Amino acid sequence: MTTTPEARDLETDPVDDAGRTKRVLLAKPRGYCAGVDRAVITVEKALETYGPPVYVRKEIVHNRHVVDTLTERGVIFVDETDEVPEGALVVFSAHGVSPAVHKEAEERNLRTIDATCPLVTKVHKEVNRFARDDYDILLIGHEGHEEVEGTAGEAPERVQLVDKPEDVDKVQVRDPSKVVWLSQTTLSVDETMERVDQLSEKYPTLQAPPSDDICYATSNRQQAVKVMAPQCDLVIVVGSQNSSNSKRLVEVALQAGASASHLVDYASQIDDAWLEGVETVGVTSGASVPDVLVLQVLDHLAERGWGDVEEVTTANEKVTFALPRELRKDLDENKDNPKSVR
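Residues numbered from 1 in each chain as written. Predicted model: local features only at pLDDT ≥ 70, side-chain atom pairs only at ≥ 80, totals over all residues. Heavy atoms only, no water.

- In the nomenclature of an unreviewed UniProt entry, the protein chain is known as 4-hydroxy-3-methylbut-2-enyl diphosphate reductase of Saccharopolyspora rhizosphaerae.
- In UniProt, the protein chain has this text filed under Function (unreviewed entry): "Catalyzes the conversion of 1-hydroxy-2-methyl-2-(E)-butenyl 4-diphosphate (HMBPP) into a mixture of isopentenyl diphosphate (IPP) and dimethylallyl diphosphate (DMAPP). Acts in the terminal step of the DOXP/MEP pathway for isoprenoid precursor biosynthesis." (UniProt positions renumbered as here; feature names shortened; annotations may be inferred.)

Here's what the structure looks like:
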């Protein structure tokens, strides 16, 4: 890229767009969160340490580019553990798995590395805690999403999924004084609170999770879009169609005032018709998107006259997570004796 984004903080230093045309507002934070970074590095380190093939149950993260790149390097993605040869190594994705999946892997004598995001693990522990205390748990999330399946699987007899508004009417609990809501970590903050409000009308003593379930990265990316979107004729979100948090960014952009918003995996998917009559383009990316894909979008826009890039900063993220302990142990041994592993 020839253009270096200029860091701006719109909270204290509003962008003055008087007389300016064809500019790009680039959201910060965007792209990889700490949980995704940890999961991708886990698979890369597993390849380096044990050699291919490394099996991964489901997509390690919901991004087409990441999955395709790892496949080229020797990763085999499977839907279920029974597709993994007995005794082989399998990595569990960042979205988490249920105890039943852990049991299946143990029964097949699989060696496992659990790359579940620690923030998802936190929600799993909340489910277990409230189930032990005999609560009915109302899980706000999207039906069929891998994270929801793993979380609900911790206590299926106690968890009821609340996805759409009409699901609230279907909820039935044993004791209205012992009900708690929890949520998928990648939801829209605003949409989640709409469900909470609906549930609270039905159950006035509804309890909230001990701490926010929606992860910091999801909230931060949505906040950056909310600040940027009112100034944008078009917001391009880089992310895959099966990425919940990426799809939510499109919705947030439209709700916050952007005239249009589209989700793309790659710059080549941008339709030139979207750019007709557009002056300000906002660009952001979901939490599972490597920044190289965003840079390609910026290059694509620059080639069409949108070369003026201003970075919109609403938060600075410094969160990091340690690699899974199963992997750290072998990495430490390999460091002491490089020929001892493989």
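**Topic: the sheet that holds strand 8 (residues 159-162)**
In step 1: The three strands lie next to each other as 8-7-9, forming an open sheet whose pairing is parallel. Each edge of the open sheet is held by one strand with a lone partner, namely strand 8 and strand 9 (179-183). Averaged over all pairs of adjacent strands, the angle between strand axes in this sheet comes to 30 degrees, irrespective of strand direction.
In step 2: The pairing of strand 7 (residues 136-140) with strand 9 spans five bridges and is classified as parallel. Among the inter-strand pairings, D136 is bridged to a residue of strand 9, identified as V179.
In step 3: Lying over the sheet, helix 4 (residues 118-132) contacts strand 7, strand 8 and strand 9, oriented at roughly 170 degrees with respect to strand 9.
In step 4: On the sheet, helix 7 (residues 189-202) packs against strand 7, strand 8 and strand 9 and is oriented at approximately 145 degrees with respect to strand 7. (Pairing = 2+ DSSP bridges. Helix = DSSP H or I, 4+ residues; strand = E, 2+ residues; numbered from the N terminus. Axes fitted to C-alpha atoms, helices over the stretch in contact; angles between N-to-C directions. Contact = heavy atoms within 4.5 Å.)

**Description of helix 4**
In step 1: For helix 4, built from 15 residues, the straight-helix expectation of 21 Å at 1.5 Å per residue is met to within 8% by its first-to-last C-alpha distance of 21 Å.
In step 2: In this structure, the buried residues of helix 4 make contact with strand 7, helix 5 (146-152), strand 8, strand 9 and helix 8 (216-228). (Expected span 1.5 Å × (residues − 1).)

**Some thoughts on the side chain of T116**
In step 1: With respect to the helices and strands, the residue T116 is situated in the loop between strand 6 (111-114) and helix 4.
In step 2: Look past the residues within four positions of T116 in its chain and what remains in contact with it is R38, F92, S93, A94, G96, V97 and T121.

**Things to note about the pairing of strand 4 (residues 75-78)**
In step 1: In terms of strand pairing, strand 3 (residues 54-57) meets strand 4 through four bridges, oriented parallel. Looking at the pairing, Y55 lines up with I76 of strand 4.

**Description of unusual backbone geometry**
In step 1: Following K28, the chain continues to P29 via a peptide bond in cis, the omega torsion being 10 degrees.
In step 2: Structurally, P29 is set in the loop between strand 2 (23-28) and helix 1 (34-50).
In step 3: Residue K22 is not a glycine yet carries a positive backbone phi of 50 degrees.
In step 4: Counting through the fold element by element, K22 comes out in the loop between strand 1 (6-8) and strand 2.
In step 5: In this model, N109 sits at a positive phi of 55 degrees, which is unusual for a non-glycine residue.
In step 6: Along the chain, N109 turns up in the loop between helix 3 (99-107) and strand 6.

**Thoughts on the domain arrangement of the protein chain**
In step 1: One can read the domain layout of the protein chain as domain 1 (23-32 + 216-313), domain 2 (34-117 + 320-336) and domain 3 (119-202).
In step 2: Opposite the 13 residues of domain 2 that make contact, domain 3 presents eleven residues.
In step 3: The contact between domain 2 and domain 3 buries some 880 Å² in all, and 57% of this surface belongs to carbon and sulfur atoms.
In step 4: Per-residue buried area on domain 2 facing domain 3 is highest for H95, P99 and C117; these three make up 46% of the total on that side.
In step 5: On the surface where domain 2 and domain 3 come into contact, there are zero salt bridges.
In step 6: Counting the contacts that link domain 2 with domain 3 gives five residue pairs in polar contact (both at pLDDT 80 or more).
In step 7: For the side of domain 2 that touches domain 3, a count of residues per class yields five nonpolar, six polar and two charged. (Domains from an automatic or database assignment. Buried area = accessible area lost by both parts, 1.4 Å probe. Salt bridge = Lys/Arg side-chain N within 4 Å of Asp/Glu carboxyl O. Polar contact = N/O pair within 3.5 Å; in protein donor to acceptor, adjacent residues only side chain to side chain. Nonpolar A, V, L, I, M, F, W, Y, C, P; charged D, E, K, R; others polar.)

**With respect to the sheet that holds strand 4**
In step 1: Spatially, four strands are ordered 4-3-5-6 in an open sheet, and the strand pairing comes out parallel. Edge positions in the sheet fall to strand 4 and strand 6, since each has one partner strand and no second. When strand polarity is set aside, the average angle formed by the axes of neighbouring strands in this sheet is 30 degrees.
In step 2: Judged from the three bridges that link them, strand 3 and strand 5 (residues 89-92) form a sheet pairing that is parallel. Across the sheet, residue R57 finds its bridge partner in strand 5, namely F92.

**Some details on the UniProt feature "active site" (unreviewed entry) in the protein chain**
In step 1: Residues annotated by UniProt as "active site" (unreviewed entry) correspond here to E147.
In step 2: Its place among the elements puts E147 in helix 5.
In step 3: A residue is classified by how much of its surface remains accessible, and E147, at 2% relative accessible area, is buried.
In step 4: Among all residues touching E147, those that are not within four sequence positions of it are H95, V120, Q184, T185 and T186. (Buried < 20%, exposed > 50% of the residue type's maximum accessible area, 1.4 Å probe, protein only.)

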